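This is what each chain is made of:
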Amino acid sequence: RGCFGGCAFCTISAHQGKFILSRSKESIVNEAKKVTAMPDFKGYISDLGGPSANMYAMGGKDRSLCGKCTRPSCLHPQPCRNLDTDHSRLLEVYRAVDNLPGIKKSFIGSGVRYDLAMAPTGNADTDRVNRKYLRELIVNHVSGRLKVAPEHTSDNVLKVMRKPPFKLFYDFKRIFDEENRRAGLRQQLIPYFISSHPGCREADMAELAAITKRLDFHLEQVQDFTPTPMTVATEIYYTGIHPYTGEKVFTARSDREKQAQRQFFFWYKPENRQQIISELHRLHRPDLIDRLYGSGNREHR
């Protein structure tokens, strides 16, 4: 339970706290044993984790400093130097469950913070373990598709979201593809994205469409921003002002504004093509028309 990620749109840390509460390895293994004894168990655990999948047993190295800290996120804009990001205890849980009689495979369904596992710690041993965690995750705990949440491609929007720069997703995708090639696997990486988040404009979504096209993604699992209580993003949505900086922040609110952003997720659908081309002409972005549909479509207005 809990999450120290502090994403601007998420309520987990608000109602579960920033401190991670983790069950013991023995407790998890005992429950897995009970699952294997169920008459309809086929040998597969669909999700050995939770919303904060790879934050297991993590926290501040010096908890007294955590008690004085006012940072809303331990990971943004950079991981806190006091944060213990050692994934070795999580690896022990994975291996203990996988070694149980009757377990063919355990999967991690969602919630992996790849930026947490990739962040340099200054400790060579920890960095080595965290790299080993990524390899173990990709090779042994993906049920065909691994879902991660970069949320956007624009660094300006990601800054409002309190998410890492999109460059990290490129880096993780490279690792994912390399590990798949090395293991002879053909697994898919499925990214989640949000439209109409505070700070996001149509041009940002158009860029997202062009970038994800270049990465050969046809997006399906997407979300339009929905205000939820106790989040900074909702505060911005209703006031138009970022409470931490006092700056005005654009937010799409009307159905027309939100649909104009959401359509860029589905640039590849024929029924959206002409509307998107018209919108990009209105935005004076013919370069994005070229990137999405080719230069032969620039004359359509």
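First things first, this report covers the structure right here in the doc. As the structure is a prediction and not an experimental result, all values here were calculated from the model. (Residues numbered from 1 in each chain as written. Predicted model: local features only at pLDDT ≥ 70, side-chain atom pairs only at ≥ 80, totals over all residues. Heavy atoms only, no water.)

**Comments concerning the overall build of the protein**
- The helix and strand tally for the protein stands at 13 helices and seven strands.
- Taken over the C-alpha trace, the protein has a radius of gyration of 21 Å; the compact-globule value for 301 residues is 19 Å, and the two agree within 12%.
- By principal-axis analysis of the C-alpha atoms, the protein measures approximately 65 × 50 × 40 Å.
- Burial analysis of the protein (301 residues in total) assigns 47% to the buried set. (Helix = DSSP H or I, 4+ residues; strand = E, 2+ residues; numbered from the N terminus. Rg over C-alpha atoms; globule rule 2.2 N^0.38 Å. Buried < 20%, exposed > 50% of the residue type's maximum accessible area, 1.4 Å probe, protein only.)

**Some words on the pairing of strand β6 (residues 188–195)**
- With respect to burial, β6 is a largely interior element, six of its eight residues being buried.
- As defined by bridge partners, strand β5 (residues 145–151) adjoins β6 across five bridges and the pair is classed as parallel. Within β6, the residue paired with K147 across the bridge is I190.
- As paired strands, β6 and strand β7 (residues 222–224) are joined by three bridges and run parallel to one another. Looking across to β7, one finds that I194 is bridged to Q223.
- Of the crossover connections in this fold, the one passing from β6 over helix α9 (residues 202–214) to the parallel β7 is right-handed. (Pairing = 2+ DSSP bridges. Right-handed = clockwise from strand over helix to strand, strands pointing away.)

**Some thoughts on the sheet that holds β6**
- The three strands lie next to each other as β5-β6-β7, forming an open sheet whose pairing is parallel. Edge strands, defined here as strands with exactly one partner in the open sheet, are β5 and β7. With strand direction ignored, the average angle separating the axes of adjacent strands in the sheet is 20 degrees. (Axes fitted to C-alpha atoms, helices over the stretch in contact; angles between N-to-C directions.)

**Quick notes on the nonpolar core**
- Core analysis: the biggest nonpolar cluster contains 69 residues, and V97, Y133, L146, F169, F172, L280 and L292 have the highest contact counts within it.
- If one sorts the elements of this core by residue count, α9 sits on top with six residues.
- When sequence neighbours within four positions are dropped, the list of residues in contact with L280 reads A206, F264, R285, P286, L288, I289 and L292.
- In terms of nonpolar packing, the next biggest core, distinct from the first, is built from 10 residues, C3, F4, I12 and L83 among them. (Core = buried A, V, L, I, M, F, W, Y, C linked by side-chain atoms within 4.5 Å. Contact = heavy atoms within 4.5 Å.)

**Quick word on the pattern of salt bridges**
- Within the structure shown, the criterion is met by 18 salt bridges.
- Between K173 and D177 there is a salt bridge whose closest N-O contact spans 2.9 Å. With K173 and D177 both in helix α8 (residues 167–183) and four residues apart, this pair spans about one turn of that helix.
- On the basis of relative accessibility, which here comes to 25%, the residue D177 falls in the partly exposed class. (Salt bridge = Lys/Arg side-chain N within 4 Å of Asp/Glu carboxyl O.)

**Quick word on the packing of helix α6 (residues 124–140) against α8**
- Following both chains from N to C, one finds α6 and α8 inclined at 60 degrees, their axes separated by 10 Å at the closest point. With respect to α8, the axis of α6 lies oblique. By crossing handedness, the relation of α6 to α8 is classed as right-handed. Here R131, L134, R135, I138 and V139 of α6 lie close against α8, whose contacting residues are F172, I175, F176, E178, E179, N180 and A183.
- Its residues placed into classes, the contact of α6 with α8 shows seven nonpolar, one polar and four charged. (Parallel < 35°, antiparallel > 145°, perpendicular 65-115°, else oblique. Left-handed = near helix turned anticlockwise from the far one by under 90°. Nonpolar A, V, L, I, M, F, W, Y, C, P; charged D, E, K, R; others polar.)

**Notes on the packing of helix α2 (residues 25–36) against helix α4 (residues 88–98)**
- One can describe the packing of α2 onto α4 by two numbers: an axis separation of 10 Å at closest approach and a directional angle of 30 degrees. Taken together, the axes of α2 and α4 lie roughly parallel to each other. When you trace α2 past α4, the crossing you get is right-handed. Where α2 abuts α4, its residues K25, I28, V29 and A32 lie against E92, V93, A96 and V97.
- A breakdown of the residues in the contact of α2 with α4 according to their chemical character gives six nonpolar, no polar and two charged.

**Focus on the state of the cysteines**
- Under the criterion given, the structure shown has zero disulfides.
- Considering cysteine sulfurs only, C10 is the nearest to C3, which forms no disulfide, with 6.1 Å between them.
- Residue class for C3 comes out buried when judged on its relative accessible area of 12%.
- With no disulfide of its own, C74 has C80 as its nearest cysteine by sulfur position, at a separation of 6.2 Å. (Disulfide = S-S within 2.5 Å.)

**Here's the deal with the packing of aromatic side chains**
- In this structure the tally under the stated criterion is 15 aromatic pairs.
- For the pair F166 and Y170, a centre-to-centre distance of 5.1 Å together with 75 degrees between the ring planes defines the contact as edge-to-face.
- Taking the relative accessible area as the measure of exposure, F166 reaches 3% and is therefore buried.
- Ring centres 6.4 Å apart and planes at 75 degrees place the aromatic pair F266 and Y268 in the edge-to-face group. (Phe/Tyr/Trp six-rings, centres within 6.5 Å; stacked < 30°, edge-to-face > 60°.)

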